[in-house]
Amino acid sequence: DAGVIQSPRHEVTEMGQEVTLRCKPISGHNSLFWYRQTMMRGLELLIYFNNNVPIDDSGMPEDRFSAKMPNASFSTLKIQPSEPRDSAVYFCASRWGTENTEAFFGQGTRLTVV
Amino acid sequence: KQEVTQIPAALSVPEGENLVLNCSFTDSAIYNLQWFRQDPGKGLTSLLLIQSSQREQTSGRLNASLDKSSGRSTLYIAASQPGDSATYLCAAGSGNTPLVFGKGTRLSVIA
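Description of the structure in this document.

Right, let's talk about the sheet that holds strand β1 (residues 5–7) of chain A for a bit. All names here are of chain A. The four strands are arranged β1-β3-β8-β7 in an open sheet whose pairing can be described as antiparallel. Unpaired on one side and paired on the other, β1 and β7 (65–71) mark the two borders of the sheet. Going from strand to strand, the sheet's axes swing by 15° on average, the running direction of each strand aside. Alignment of β1 against strand β3 (residues 19–24), held across three bridges, turns out to be antiparallel.

This is how it looks when you write it as structure tokens:
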């Protein structure tokens, strides 16, 4: 398996534009997580899905953020409109089952909003 | 709410030294503890996963231990090499909930 695949790897956009980040989890994994990493706050959970269903989105900072998982092999994180403070590295991770299994991370998307 | 702390934030050692990275967590009711490595500009690579019923896990020069009662885990790196330079993160897993991460320890191994 190629691991968790995220696209794009880098995104530079202007304030106010819509940004869509994409994630393909490892085949067979049924839990998917979106994290955001910044120097100040480290890794923060934004939202996670079990069996394509959003379980907890309390980490989503505001209504400008939304995430979907239309099927077991694809998820998106959308920011509309984007702001400079959204600049960070966004990671997607997946694992099989709901507990006691290893989580695997993608390479991340580095987002810069200017 | 689980909180994970890693001290020190940064560590510099000469090549060949054995070293220990520390991780503490506030809620001892964890299911597992996972250690990751992150190279600059890269994603997280899983190093070791310790189940709550285990005391330690080993992989090559790495050994991770877990003491739930005291809320601590350590990552021991033997005979450190410049290639070990990276940020090491620990994360606590509690059942059907996502991992909670520490902020990491940035390790530099000097040749």
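Text resumes after the structure shown.
All names here are of chain A. On inspection of all chains with the given rule, the structure shows ten salt bridges over all chains. For the salt bridge of K78 with E18, the shortest nitrogen-to-oxygen distance reads 3.9 Å. A residue pair is termed long-range when its members are at least 10 positions apart, and K78 in strand β8 (residues 74–79) and E18 in the loop between β2 (10–13) and β3 qualify at 60 residues. According to the relative accessible area criterion, E18 is partly exposed, its value standing at 45%. Between R85 and E83 there is a salt bridge, and its shortest N-O distance comes to 2.6 Å.

Opposite the 20 residues of chain B that make contact, chain A presents 23 residues. At the junction of chain B with chain A, the criterion picks out five residue pairs in polar contact (both at pLDDT 80 or more). The set of elements that each furnish at least two residues to the side of chain B that touches chain A consists of β4 (32–38) and β5 (44–51) of chain B. Broken down by class, the residue content of the side of chain B that touches chain A amounts to eight nonpolar, ten polar and two charged.

So, on to the packing of aromatic side chains. This model, assessed by the stated rule, comprises eight aromatic pairs over all chains. When the centroid spacing of 6.5 Å and the interplanar angle of 40° are considered together, the rings of F33 of chain A and Y35 of chain A count as tilted. By relative accessible area, Y35 of chain A is classed as buried at 2%. Relative to F36 of chain B, the ring of F105 of chain A has its centre 5.4 Å away and its plane inclined at 80°; by these criteria the two rings are edge-to-face. Taken together, the residues span two chains, with F105 of chain A in strand β10 (residues 104–105) and F36 of chain B in strand β4. Taken together, the ring pairs in this structure connect F33, Y35, Y48, F91 and F105 of chain A together with F36 and F101 of chain B into an aromatic cluster.

Following S7 of chain A, the chain continues to P8 of chain A via a peptide bond in cis, the omega torsion being -10°. By the secondary structure assignment, P8 of chain A is in the loop between β1 and β2. The omega torsion across Q80 of chain A and P81 of chain A is -5°, close enough to zero to call that bond cis. Looking at where P81 of chain A falls in the secondary structure, it is placed in the loop between β8 and β9 (88–95). Unlike most non-glycine residues, N52 of chain A shows phi in positive territory, near 75°. Here N52 of chain A is to be found in the loop between β5 (42–50) and β6 (53–56). Positive phi, close to 45°, is recorded for A79 of chain B, a residue that is not glycine. Along the chain, A79 of chain B falls in the loop between β8 (72–77) and β9 (86–93). A79 of chain B gets classed as partly exposed once you look at its relative accessible area, which sits at 36%.

Formed by 22 residues in total, the largest nonpolar core has its most connected members in L33, W35, L75, I77, Y88 and L107 of chain B. When contributions to this core are tallied by element, the ones reaching two or more residues are β3 (19–25), β4, β5, β7 (62–67), β8, β9 and β11 (105–110) of chain B. Excluding its chain neighbours within four sequence positions, the residues that come into contact with L33 of chain B are C23, F25, L48, L49, I50, L66, S73, C90, A91 and A92 of chain B. Of all hydrophobic cores here, the second largest spans 21 residues; its members include M69, L77, Y90 and C92 of chain A.

Each value, and the rule that gives it
- Residues numbered from 1 in each chain as written.
- Chains lettered and ligands numbered in written order.
- Predicted model: local features only at pLDDT ≥ 70, side-chain atom pairs only at ≥ 80, totals over all residues.
- Heavy atoms only, no water.
- Pairing = 2+ DSSP bridges.
- Helix = DSSP H or I, 4+ residues; strand = E, 2+ residues; numbered from the N terminus.
- Axes fitted to C-alpha atoms, helices over the stretch in contact; angles between N-to-C directions.
- Salt bridge = Lys/Arg side-chain N within 4 Å of Asp/Glu carboxyl O.
- Buried < 20%, exposed > 50% of the residue type's maximum accessible area, 1.4 Å probe, protein only.
- Contact = heavy atoms within 4.5 Å.
- Polar contact = N/O pair within 3.5 Å; in protein donor to acceptor, adjacent residues only side chain to side chain.
- Nonpolar A, V, L, I, M, F, W, Y, C, P; charged D, E, K, R; others polar.
- Phe/Tyr/Trp six-rings, centres within 6.5 Å; stacked < 30°, edge-to-face > 60°.
- Core = buried A, V, L, I, M, F, W, Y, C linked by side-chain atoms within 4.5 Å.

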